[in-house]
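A closer look at the structure
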Amino acid sequence: MNIIITLFKDYGLSIGLVALVVFTIYYFSRILLDEDRSALWRARFYKMAFSVLHKQEHEKKYIANDINGKINLARRDLHFGEEILPKAVKVEWIEGKNGETYDLKEGEFVVCLNPANCQEMNIVKLASAVVKRTTLIGARHILEKPLIGAIDLNLTRNLLDKINNRKSLDWFFAQEYQPVIKNDPKLSEWNGKIATIEEKGLFTRILLIELTDFAKKIAGLLPRAFMGGEVESLIDFLYKIATKPSRQPVPLDFERAYIRTGIMLVADTDKMLLKGIVPYIKGMSCKLEKMLNTVYLIVFDKAALGERDPKLEEEFNSIVKNLDETILGHSLIKKDFEVSYKCIDSKGKKRKAKCIRYSIEYN
Amino acid sequence: MKEVFKAIHCNEIETIFTRLGLSDKFLNHQLLCSNCGSVITKNTFGALTRKSGKIILCCNSADCYTNFLVPTS
């Protein structure tokens, strides 16, 4: 929008108007081509229509479009891995008259939704439903109930956080999160660990992705006790990393039957600036020798360094880039994704970080 | 692939029970939550599904509703 104002100022009315028309066409075509964004616009339209005409058909269309648009847009921000978790949601009203029978199919779910003035409850209901029904399919039966409950709670909380509707989040905390935590000490314990992992940004970016891969690997296999134990150990492994005091070593490789992953932390500025990429390349070679399937490179932002010495920050960033390129030069390694995010560091401060996932395919 | 949820408005609960042939049971307070066993009323209905040919319901308490939604693998 600032560009258009500048064009108006610098080139006059005609060029400014052309730019405005182009921007408007771009803006609306973006909405029209995007199913979820257009659902949100339809929701706004039907909400207005309902507030004026008070017709239930408008209210229903508002409720369904608002849920579809908000949840589906939010889940896209929780991208990572090959597929987005949870799945997209579609709310369809059961139509028909009283005299007609309704053929409820096997496995089909019918949920009761509240009126439009309680939409925050409807959003929570559907967010919780889609998380439970579409994530970690194949692994749910081998995990203990409190653990899977804690994973669901944290993913639902993430989804609602991305929707950015304070009312929904408040309702979720008061009606679902806190009562469950209060009544189930085991779930509360797992939730504490997962919430700490989440604070460090490792829940959706590492734990959930590894669990999804794990679920695919064990799909169709007979459940064994060690499978659940493997997941529990992975959570403990990530929890130790998340709570690690600065400069204190903790295990960074996780080698089990189905999950074989490693972490490389780039947190020490001096190490990177003085020794360059050599220690990290050596670390990567060790992970290859251990036959790990995935490696995550976590780089913490050096904003404080940038304020003190911008040149050093630039040098640090170029070394990180070089490290990434050198790792990718290895024929067995491919990059799955690279995401920037904000997390809370060991001193309780908000900090930017970057997570890169490499997968390794051995011949 | 989207996860489709069929929905009914809370004002139309009686209609869906009539259409499913559960009207009498509903009026006689014979519909129970499959999780906690409480009687399903107009104010406490949460969700329903068909499992092994049988229609099962749950109330709207957070615990029952979330347990009800877990897929059986």
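Calculation criteria
Numbers given to residues run from 1 along each chain, matching the order in which its sequence is written. All chains are assigned letters beginning with A, and all ligands numbers beginning with 1, in the order in which they are written. Totals for whole chains, interfaces and linings use every residue, but because this is a predicted model, local features are given only for residues with pLDDT of at least 70 and side-chain atom pairs only at 80 or more, for both listing and counting. Helical segments are the DSSP runs of H or I of at least four residues, strand segments are the runs of E of at least two, and each set is numbered from the N terminus. We call a residue exposed when 12 or fewer other C-beta atoms sit within 10 Å of its C-beta, buried when the count reaches 20 or more, and partly exposed for counts in between; the C-beta positions come from the backbone. It is the C-beta atoms, placed from the backbone, that decide contacts: two residues are in contact if theirs lie within 7 Å. Radius of gyration: over C-alpha atoms. The globule rule applied is 2.2 Å multiplied by the number of residues raised to the 0.38 power. In this classification, the charged set is Asp, Glu, Lys and Arg, the nonpolar set is Ala, Val, Leu, Ile, Met, Phe, Trp, Tyr, Cys and Pro, and all remaining amino acids, among them Gly, are polar. Here a strand pair is declared whenever DSSP counts at least two bridges between the two strands. By definition, a nonpolar core groups buried Ala, Val, Leu, Ile, Met, Phe, Trp, Tyr and Cys residues that connect through C-beta atoms lying within 7 Å of each other. Each domain's limits were defined by an automated method or a database of domain assignments. Helix axes are fitted to C-alpha atoms over the stretch in contact, other axes to C-alpha atoms as well, and angles between N-to-C directions run from 0 to 180 degrees. Roughly parallel refers to an angle under 35 degrees, roughly antiparallel to one over 145, roughly perpendicular to one between 65 and 115, and oblique to any angle outside these ranges.

1. Observations concerning the overall build of chain A
A count of helical and extended segments in chain A gives 14 helices and seven strands. Overall, chain A is about 70 × 70 × 40 Å in size when its C-alpha atoms are taken along their principal axes. When each of the 363 residues of chain A is scored for burial, the buried share is 34%. Partitioning the contacts of chain A with sequence separation of at least 6, the portion at a separation of at least 24 is 67%.

2. Observations regarding the overall build of chain B
Check the secondary structure of chain B and you find three helices and three strands. Reading chain B from its N terminus to its C terminus gives the helix and strand order β-α-α-β-β-α. Over its C-alpha trace chain B gives a radius of gyration of 12 Å, about what one expects of a compact globule, namely 11 Å for 73 residues. Its C-alpha atoms give chain B principal-axis dimensions of roughly 35 × 25 × 25 Å. Looking at chain B as a whole, 34% of its 73 residues qualify as buried. A sequence separation of at least 24 residues applies to 30% of the contacts in chain B between residues at least 6 apart.

3. A short note on the interface of chain B and chain A
In this complex, chain B contributes 31 residues to the contact, which on the side of chain A involves 42 residues. Of all elements in the fold, only β1 (2-9), α1 (13-19), β2 (45-51) and α3 (62-69) of chain B reach the threshold of two or more residues within the side of chain B that touches chain A. In terms of residue count, β1 of chain B provides more of the side of chain B that touches chain A than any other element does, eight residues in total. Split by residue class, the side of chain B that touches chain A holds 17 nonpolar, nine polar and five charged. For strand β2 (residues 109-113) of chain A and β1 of chain B, the ladder comprises four bridges, and the chain directions are parallel. Looking at the pairing, V111 of chain A lines up with A7 of chain B of β1 of chain B.

4. With respect to the nonpolar core
All names here are of chain A. Core analysis: the largest hydrophobic core is formed by 103 residues, its most contacted members being I71, L126, A127, L207 and L238. When residues are assigned to domains, this core turns out to be shared by domain 1 (77-91 + 110-243) and domain 2 (247-363), each giving three or more. Apart from the residues lying within four places of it in its own chain, the contact partners of A127 are I71, T156, L159 and L160.

5. Observations concerning the sheet that holds strand β1 (residues 88-93) of chain A
Taken together, five strands build an open sheet; the order of strands is β1(A)-β1(B)-β2(A)-β2(B)-β3(B) and the sheet is mixed. At either end of the open sheet lies a strand with only one pairing partner, and these are β1 of chain A together with β3 (54-59) of chain B. The sheet shows a mean angle of 30° between the axes of neighbouring strands, taken without regard to direction. The strands that helix α4 (residues 56-76) of chain A touches are β1 and β2 of chain A together with β1 of chain B; relative to β1 of chain A, the one it contacts most, it runs at about 170°. Helix α5 (residues 119-134) of chain A contacts β1 and β2 of chain A together with β1 of chain B of the sheet and is inclined by roughly 145° relative to β1 of chain B.

6. Quick word on α3 of chain B
Residues of α3 of chain B that are buried: C64, Y65, T66, F68 and L69 of chain B. As for α3 of chain B, its buried residues are in contact with α5 of chain A together with β2 and β3 of chain B.

7. Topic: unusual backbone geometry
Residues and elements named next belong to chain A. Phi is positive for L136, close to 55°, though the residue is something other than glycine. In this fold, L136 is placed in the loop between α5 and α6 (145-163). Assessed through the 22 C-beta atoms surrounding it within 10 Å, L136 is described here as buried. With phi around 60°, M291 is a residue other than glycine that occupies positive phi space. With respect to the helices and strands, the residue M291 is situated in the loop between α12 (278-289) and β5 (294-300).

8. Observations regarding the environment of N67 of chain B
Among the structural elements, N67 of chain B can be located in helix α3. On the neighbour-count criterion, N67 of chain B (16 C-beta atoms within 10 Å) is partly exposed.

9. Examining the domain arrangement of chain A
In many analyses, interface size is given as the accessible surface area lost on bringing the parts together. All names here are of chain A. Annotation of chain A at the domain level lists domain 1 (77-91 + 110-243) and domain 2 (247-363). At the interface, 17 residues of domain 1 touch 17 residues of domain 2. For the side of domain 1 that touches domain 2, the elements supplying multiple residues, two or more each, are α9 (203-218) and α10 (225-242). In terms of residue count, the dominant contributor to the side of domain 1 that touches domain 2 is α10 (seven residues). Looking at the side of domain 1 that touches domain 2 residue by residue, the classes come out as eight nonpolar, two polar and seven charged.

10. What about the packing of α6 of chain A against helix α7 (residues 166-183) of chain A?
All names here are of chain A. Close contact between α6 and α7 brings their axes to 10 Å; oriented N to C, the two are set at 170°. When the axes of α6 and α7 are compared, the pair comes out roughly antiparallel. Counted together, G149, L153, T156, R157, L160, D161 and I163 of α6 and S168, L169, F172, Y177 and V180 of α7 form the full contact between these two elements. Its residues assigned to classes, the contact of α6 with α7 comprises seven nonpolar, three polar and two charged.

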